[in-house]
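Each chain, letter by letter, is given below.
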Amino acid sequence: MNIPFEVFREPAAMRARAEDLRRDGRKIAVVPTMGALHEGHLALVRHARARADVVILTIFVNPKQFGPREDLSRYPRDEAGDLAKARPAGIDLAFCPSAEAMYPAGSQTFIEVRELQQPLCGTSRPGHFAGVATVVSKLFHITRPHVAVFGEKDYQQLAIIRRMVRDLDFGIEIQGVPIVREADGLALSSRNAYLSPEQRAAALSLSRGLGAADAAFKAGERDARMLVAIARAPIEAESLARIDYVELRDADELSTIERIENRAVLAIAAFVGNTRLIDNRVLAS
Ligand code: AMP
């Protein structure tokens, strides 16, 4: 059954529609984004489309996950362009609220996933993951999904949301989608739009570092310090790139490890100019 496409801006109206669809027995999938959609986001939409009757795309540049010196005001925004891309990829409804609709005056409740939010991006972006967990939890309450789809590009975010859903009994199935890359390896990101051609060339060093570490892992290297050094080398060779962190951690708990026994994630954050980029690769036997 076809659902007329509609853009919702008010949480109450979106929730009422979602409740109606649930009552009709429809399975709902939600794809939360901050807009500036690229093929990575569209892969999430297609993944959702294959797993639900109704796909809701959310577009919200969430002020609570940006630090005071981050790029909130210049974050790329193009709602009409985003909807033109997302509709043929298979969305049924969109939720595009204002910051005022999401955070009315007096709003003061936060969700924190205490340990998983600490390392990696949590260290250089204090408060970021509390902002993410809080807005995702609100988006879940508003869109009432059975399934929610996130990218493995934001690996720590995905781990945090999985844990939040488990700890707080949301009863929502969380699906992760592999990182979508350009042909040359650069992970797609809305922030790639900030890069000059020279910076884009330097940004390729992140995926090169991950590829080199993965090759060493496949050749038998298991030592964390060695794998991190291998991943760092191409980034350190780029004068336009500056490493924030390169770390190998347990794939589920994000705890530090000295050797890979099982599954680990090699995670990188680096600045290229003023643009902070992230990338990762799971190393598993
Ligand atoms: P964002 O709009 O950056 O908040 O991202 C929205 C969702 O798209 C998140 O679940 C991201 O992990 C996911 N995403 C962003 N870039 C990619 C990519 N290159 N491949 C797969 N998923 C992605």
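This text goes with the structure placed above it.
This text gives an overview of the structure that appears in the document. All residue numbers refer to position in the chain's written sequence, counted from 1. Where local features are concerned, this predicted model is filtered to residues with pLDDT of at least 70; where side-chain atom pairs are given and counted, the filter is 80 or more; whole-chain, interface and lining totals use all residues. Based on all heavy atoms of the structure, the side-chain values leave hydrogens and waters out of the count.

### A short note on the overall build of the protein chain
Then, in step 1: The numbering of helices and of strands both runs from the N terminus, where a helix is a DSSP run of H or I of at least 4 residues and a strand a run of E of at least 2. Assigned secondary structure in the protein chain consists of nine helices and nine strands.
Then, in step 2: Counting only C-alpha atoms and orienting by the principal axes, one finds that the protein chain spans roughly 55 × 40 × 40 Å.
Then, in step 3: Buried residues in the protein chain amount to 55% of all 285 residues.
Then, in step 4: In this analysis, two residues are considered to be in contact whenever any of their non-hydrogen atoms come within 4.5 Å of each other. Restricting the contact set of the protein chain to residue pairs at least 6 apart, pairs at least 24 apart contribute 71%.
Then, in step 5: For the area figures, the Shrake-Rupley method with a 1.4 Å probe applies, and any residue is considered shielded solely by the protein chains shown. For the protein chain, the exposed surface amounts to about 13300 Å²; the carbon and sulfur share of it is 48%.
Then, in step 6: All tallies of charge rest on Lys and Arg as positive and Asp and Glu as negative; His and the ends of each chain are not included. We put the charge of a Lys on NZ, of an Arg on CZ, of an Asp on CG and of a Glu on CD. Within the protein chain, the 37 negative side-chain charges are centred at a point lying 1 Å from the centre of the 38 positive side-chain charges. Each residue is placed in one exposure class: buried if its accessible area under a 1.4 Å probe, protein chains only, is under 20% of its type's maximum, exposed if it is over 50%, and partly exposed if it falls in between.

### A closer look at helix α8 (residues 197-218)
Then, in step 1: Here a helix's expected span is defined as the number of its residues, less one, multiplied by 1.5 Å. The end-to-end C-alpha separation of α8 is 32 Å, in line with the 32 Å expected for 22 residues at 1.5 Å each.
Then, in step 2: Two axes enter the definition of the bend at a residue: one is fitted to the seven residues ending there, the other to the seven starting there, and the bend is the angle between them. Along α8, the helix axis deviates most sharply at S207, where the bend reaches about 25°.

### Overview of the side chain of Q175
Then, in step 1: Here Q175 lies in strand β6 (residues 173-177).
Then, in step 2: The exposure class of Q175 is buried, given its relative accessible area of 17%.
Then, in step 3: Polar contacts here mean pairs of N or O atoms no more than 3.5 Å apart (in protein, one a potential hydrogen donor and the other a potential acceptor; neighbouring residues in sequence count only if both atoms are side-chain atoms). Among the polar contacts listed, one links the side chain of Q175 to the side chain of E173, at a separation of 2.6 Å.
Then, in step 4: When near neighbours in sequence (up to four residues on either side) are disregarded, Q175 contacts H47, R51, V147, A148, V149 and F150.

### Re the layout of surface pockets
Then, in step 1: Computed from the structure, the second largest pocket encloses a volume of approximately 220 Å³.
Then, in step 2: If you trace the second largest pocket, you find 17 residues lining it, with I59, F60, V61, R77 and P97 closest to the centre.
Then, in step 3: Any residue that is not Ala, Val, Leu, Ile, Met, Phe, Trp, Tyr, Cys, Pro, Asp, Glu, Lys or Arg is counted as polar, Gly included; the first ten are nonpolar and the last four charged. When the residues that make up the lining of the second largest pocket are grouped by side-chain class, the tally is 11 nonpolar, two polar and four charged. Put simply, the grid is 1 Å and covers the protein atoms alone, a cavity is a trapped set of points that fit a 1.4 Å probe, a pocket is an open set with protein on both sides within 12 Å along at least five of seven lines, and lining residues have an atom within 4 Å of a point. Grid points are joined across faces, edges and corners, and a volume is the space filled by probe spheres set on the points.

### Structural notes on the sheet that holds β6
Then, in step 1: Read across the sheet, six strands follow the order β1-β4-β3-β2-β5-β6 without closing on themselves; strand pairing throughout is parallel. Strands at the two margins of the open sheet, each flanked by one partner only, are β1 (6-8) and β6. The mean inter-strand angle of the sheet, taken between neighbouring strand axes irrespective of direction, is 25°.
Then, in step 2: Set on the sheet, helix α7 (residues 155-167) makes contact with β5 (147-151) and β6; between it and β6 the angle comes to about 170°. Only strands that DSSP links by at least two bridges are regarded as paired with each other. Whenever a helix is involved, its axis is fitted only over the stretch in contact; in every case the axis is a line through C-alpha atoms, and angles between N-to-C directions fall within 0 to 180 degrees.

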